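# Chains, contacts and geometry: an overview
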There are 2 protein chains.
Amino acid sequence: MVIHNVMEEVVKGIITDQLDHLHLSCKCERCQEDILALSLNKVTPRYIVNDSREPLVKAKYMIDRQEQANIVTVVAQAAALVSANKRCSNIQ
Amino acid sequence: MVIHNVMEEVVKGIITDQLDHLHLSCKCERCQEDILALSLNKVTPRYIVNDSREPLVKAKYMIDRQEQANIVTVVAQAAALVSANKRCSNIQ
């Protein structure tokens, strides 16, 4: 058994869903990973040992609209920061 | 490249170092993973994209004795909780 932060999938899902609304200067894999890492450093982690509980933890973030909105805000802030400070090779 | 929470190794290292001082009722892998997951939910995450930066982030926790002491406290609290509520198969 390996421990696992369920928020990794939750935040990754939100980045994918909102990709066209984040006004990114670059949508490459590296920039998306930078946004993901920055966002996860701001969001409270939810580590689990038993993967069978993952749907239960994820469901909380599907149902709780306020919590979802909070994560979208964190992702938008991270996206603005990454867009202004790109680390990828697509620097124009 | 895959994002990665450096605190996973930091907390895992502290659990291994302190294993004999945590007064655990069971030292099995499952109980150690439960302590790790519980501790990581309380400790601020430090996600990185570039693994070459990992030693830099880890060094902060080697040098900062106060930060190290804070993590040991979190681990001790998680260990007490897991010892009192074992989920493994070694229940006596």
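Residues numbered from 1 in each chain as written. Chains lettered and ligands numbered in written order. Predicted model: local features only at pLDDT ≥ 70, side-chain atom pairs only at ≥ 80, totals over all residues. Heavy atoms only, no water.

As recorded in an unreviewed UniProt entry, chain A goes by Competence protein ComFB and comes from Pseudobacillus wudalianchiensis.

Attention now moves to the interface of chain B and chain A. Opposite the 18 residues of chain B that make contact, chain A presents 18 residues. For the pair chain B and chain A, the summed buried surface comes to about 1,700 Å²; carbon and sulfur atoms form 54% of the total. Its largest share of buried area at the contact with chain A, chain B owes to Ile3, Asn41 and Tyr47 of chain B, together 35% of the area lost on that side. Here chain B is connected to chain A by 0 salt bridges. Between chain B and chain A we count 6 residue pairs in polar contact (both at pLDDT 80 or more) in total. Take the side of chain B that touches chain A: its biggest share by element is 7 residues, from helix α2 (residues 29–42) of chain B. (Contact = heavy atoms within 4.5 Å. Buried area = accessible area lost by both parts, 1.4 Å probe. Salt bridge = Lys/Arg side-chain N within 4 Å of Asp/Glu carboxyl O. Polar contact = N/O pair within 3.5 Å; in protein donor to acceptor, adjacent residues only side chain to side chain. Helix = DSSP H or I, 4+ residues; strand = E, 2+ residues; numbered from the N terminus.)

To continue, consider the nonpolar core. By size, the foremost hydrophobic cluster in this structure holds 60 residues, and its most contacted members are Ile71 of chain A together with Ile71 of chain B. Residues contacting isoleucine 71 of chain B, with those up to four places away along its chain left out, are Met7, Val10, Val11, Ile14, Val43 and Tyr61 of chain B. (Core = buried A, V, L, I, M, F, W, Y, C linked by side-chain atoms within 4.5 Å. Buried < 20%, exposed > 50% of the residue type's maximum accessible area, 1.4 Å probe, protein only.)

Within the secondary structure layout, isoleucine 71 of chain A lies in helix α4 (residues 65–84). Between the C-alpha atom of isoleucine 71 of chain A and that of tyrosine 47 of chain A, which follows or precedes it by 24 residues, the distance is 17 Å.

Moving on, we come to the packing of aromatic side chains. How two aromatic rings sit relative to each other is set out by the distance from centre to centre and by the angle between their planes. For the structure on display, the rule yields 0 aromatic pairs over all chains. We note lysine 60 of chain A situated over the ring of tyrosine 61 of chain A; from NZ or CZ to the ring centre the distance is 4.7 Å. (Phe/Tyr/Trp six-rings, centres within 6.5 Å; stacked < 30°, edge-to-face > 60°. Lys NZ or Arg CZ within 6 Å of the ring centre and 35° of its normal.)

What follows deals with the relation of the copies chain B and chain A. Rotating chain B by 180 degrees and translating it 0.0 Å along the rotation axis places it on chain A, where the RMSD comes to 0.0 Å. Here the symmetry operator amounts to a two-fold rotation axis. Take the interface residues of chain B: 100% of them recur as interface residues in chain A, which is what a same-surface contact looks like. (Least-squares fit on C-alpha atoms with pLDDT ≥ 70 in both.)

Mapped onto the elements, aspartate 34 of chain A comes out in helix α2 (residues 29–40). Taking relative accessible area as the criterion, aspartate 34 of chain A reaches 10% and is therefore assigned buried. Beyond its immediate chain neighbours, meaning those up to four positions away, aspartate 34 of chain A contacts Val82 and Arg87 of chain A together with Val49 of chain B.

Moving on to the environment of valine 74 of chain A. Within the secondary structure, valine 74 of chain A sits in helix α4. Measuring from C-alpha to C-alpha, the distance between valine 74 of chain A and isoleucine 35 of chain A comes to 9.5 Å, with 39 residues separating the pair along the chain.

All names here are of chain B. Direction vectors running N to C along α2 and helix α4 (residues 65–84) enclose 135 degrees, while the axes themselves pass 9 Å from each other. Of the possible angle classes, the one that applies to α2 and α4 is oblique. Like other packed secondary-structure pairs, α2 and α4 cross with a definite hand, here right-handed. Of α4, the residues touching α2 (which contributes Cys31, Asp34, Ile35, Leu38, Ser39 and Lys42) are Val74, Val75, Ala78, Ala79, Leu81 and Val82. (Axes fitted to C-alpha atoms, helices over the stretch in contact; angles between N-to-C directions. Parallel < 35°, antiparallel > 145°, perpendicular 65-115°, else oblique. Left-handed = near helix turned anticlockwise from the far one by under 90°.)

All names here are of chain B. Remark: helix α1 (residues 7–18) packs on α2, axes separated minimally by 10 Å, with the N-to-C direction vectors making an angle of 130 degrees. As summarised for this structure, α1 and α2 are arranged oblique, according to the angle between their axes. Considering only the axes of α1 and α2, their crossing is right-handed. Listed contacts from α2 to Met7, Glu8, Val11, Lys12 and Ile15 of α1 are Gln32, Ile35, Leu36, Ser39 and Leu40. Residues belonging to the contact of α1 with α2 are distributed by class as follows: 6 nonpolar, 2 polar and 2 charged. (Nonpolar A, V, L, I, M, F, W, Y, C, P; charged D, E, K, R; others polar.)

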